[in-house]
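Descriptive analysis of the structure
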Amino acid sequence: MDIDQVKELDRAYLFQNYGRQELCFEHGEKECLYDLAGRRYIDLVAGIAVNSLGYSHPAVTRAICHQAERLVHVSNLYLVREQAEAAAALVSICPPPLSSVLFVNSGAEANEAALKLAVKHTGRGKIVSTYNSFHGRTAAALSATGQKKYQSGFEPLLSEAIDLVRYGSVEQLKDAVNGDTAAVILEPIQGEGGVIPAGREFFRTARDLCDERGALLICDEVQTGLCRTGRFFGFQHYDVVPDIISLAKALGNGVPIGAIVASKDVASTFTPGSHGTTFGGNPLGTAAARAVVGVMREERMDAQAAAKGGRWMTELRDIAASSGGRIKDVRGQGLMIGLEMGEDAKKLQSKALKEGILVNVCAGAVVRLIPPLILSDDSMKAFNTVLEDFLS
Ligand SMILES: Cc1ncc(COP(=O)(O)O)c(C=O)c1O
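Residues numbered from 1 in each chain as written. Predicted model: local features only at pLDDT ≥ 70, side-chain atom pairs only at ≥ 80, totals over all residues. Heavy atoms only, no water.

Of all residues adjacent to the ligand, which total 13 residues, the nearest are Gly107, Ala108, Asp220, Gln223 and Lys249. Taking Asp220, its side chain carries an N or O atom lying 2.8 Å from a nitrogen atom of the ligand. Between the ligand and Lys249, the relevant distance is 3.2 Å, taken from an oxygen atom to a side-chain nitrogen or oxygen of the residue. Burial of the ligand by the protein amounts to 81% of the accessible area it has alone, namely 390 Å². Among the elements that line the shell around the ligand, the one with the most residues is helix 5 (residues 107-122), at three residues. (Near = heavy atom within 4 Å. Polar contact = N/O pair within 3.5 Å; in protein donor to acceptor, adjacent residues only side chain to side chain. Areas by Shrake-Rupley, 256 points an atom, 1.4 Å probe, with all protein chains shown as cover. Helix = DSSP H or I, 4+ residues; strand = E, 2+ residues; numbered from the N terminus.)

The subject of this paragraph is the nonpolar core. Counting residues in hydrophobic clusters, the biggest one holds 87 residues, and the most contacted among them are Leu90, Trp312, Leu339, Met341, Phe383 and Leu387. At seven residues, helix 12 (residues 301-321) tops the list of elements feeding residues into this core. Two domains each put at least three residues into this core: domain 1 (3-56 + 300-391) and domain 2 (71-298). Counting residues in hydrophobic clusters, the runner-up holds 21 residues, among them Ala113, Ala114, Ile162 and Ala262. (Core = buried A, V, L, I, M, F, W, Y, C linked by side-chain atoms within 4.5 Å. Buried < 20%, exposed > 50% of the residue type's maximum accessible area, 1.4 Å probe, protein only. Domains from an automatic or database assignment.)

Okay, the sheet that holds strand 4 (residues 100-104) next. Strand order in the open sheet formed by seven strands is 4-12-11-10-7-5-6, with mixed pairing between adjacent strands. Two strands lie at the open edges of the sheet, namely strand 4 and strand 6 (162-165), each paired on one side alone. Here the strands of the sheet are splayed against their neighbours by 20 degrees on average, with no regard to which way each runs. Alignment of strand 4 against strand 12 (residues 258-262), held across five bridges, turns out to be antiparallel. Along strand 12, the bridge assignment pairs Val104 with Gly258. Helix 5 rests against strand 4, strand 5 (126-130), strand 7 (181-186), strand 10 (216-220), strand 11 (244-247) and strand 12 of the sheet, and its axis sits at about 180 degrees to strand 10. Here helix 9 (residues 200-213) sits on the sheet in contact with strand 5, strand 6, strand 7 and strand 10, set at roughly 145 degrees to strand 10. (Pairing = 2+ DSSP bridges. Axes fitted to C-alpha atoms, helices over the stretch in contact; angles between N-to-C directions. Contact = heavy atoms within 4.5 Å.)

Here we come to the sheet that holds strand 14 (residues 336-340). Spatial strand order, 13-14-17-16: four strands in an open sheet with antiparallel pairing. The open sheet has two free edges, formed respectively by strand 13 (329-333) and strand 16 (360-362), since each of these has just one partner strand. Each adjacent strand pair in this sheet contributes to an overall mean axis angle of 30 degrees, direction not counted. Note: strand 13 against strand 14, five bridges, orientation antiparallel. Pairing of Gly332 across the sheet is with Ile337, part of strand 14. Contacts between helix 13 (residues 344-354) and the sheet are confined to strand 16 and strand 17 (366-369), with strand 16 contributing the most and set at about 170 degrees to the helix.

Given below as structure tokens:
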């Protein structure tokens, strides 16, 4: 089947709810994708920060194939060995007191679970979130998402329950968190919002306010978690430990899975029947997650992302310095990098595609680089060359 036939089937039978690029891939290896015609692309998108170990990672592929042959699904009516093993692996990379895991199937579901847990644990009904945030598309996660463009047409959401503050504004945070607040939910770096780091003071203030006023701090690590920013988790850049973290994306390296991790005390709020999901933590997903976490620990993907990202950011800042202001900002952490480029962002994306490099544009004006963490120096150089060529 060629790309035109796929396009025809897509138009005939699928909801047209995605603005898809006219590309269709057949397989992937390391940080490269190959389309139906066999053309190779360097992928600096990684399925939107999902394929952190690259495509067809042997240890993950082995774990998936082995599990698929034995048992894909049983349900949470029973003990699930792979789920328990994956939870132990995940907790091994979390700082205390984060020590209990609940598996779900996506990032939005993880945030949904985190918000419900915070409300039940505190007995309070209000959530403080931030403008320009993104927490997912389910009703509560969408309500906590501080961007009208995702919400319009779906009102009334749970907006009564959400207080939005400016990301980075310590003053607004101090005004918003009060005795009705169940939780503050924050991304360590806003991803969809344009790769915007929270800043240490903002994060620390959120932690202190939650402690003072009896609220929980939820850290949305769906995009930043699992080595993306050069640490196992984004919050580790700010020397705070949240009460609940939400994870998804990289956790299964492409197999759909999400999770929340909380302290034993907070986790104990959910008793049998409080919350659940049919597929959450099934043997296939958790076998993949266990393999992913194992590889990340053994191969120190956090250190790799920090080193590669640090080098790349320096090179990109040098290029930006001589871009005559066309690159307005280079920001991020580890291998989560944003180039603020205004209208040039989309043009650079098209140029890169012609040269066989995939990049993502978020917030309309920011080229977001979120490649597999196993990225080679040659692939980084290939992008730098395209960027310099574009700017010349
Ligand atoms: C920070 C953050 N939270 C939540 C989500 C939603 O995750 P999912 O698309 O798996 O529901 C995303 C997705 O981009 C995200 O970046």
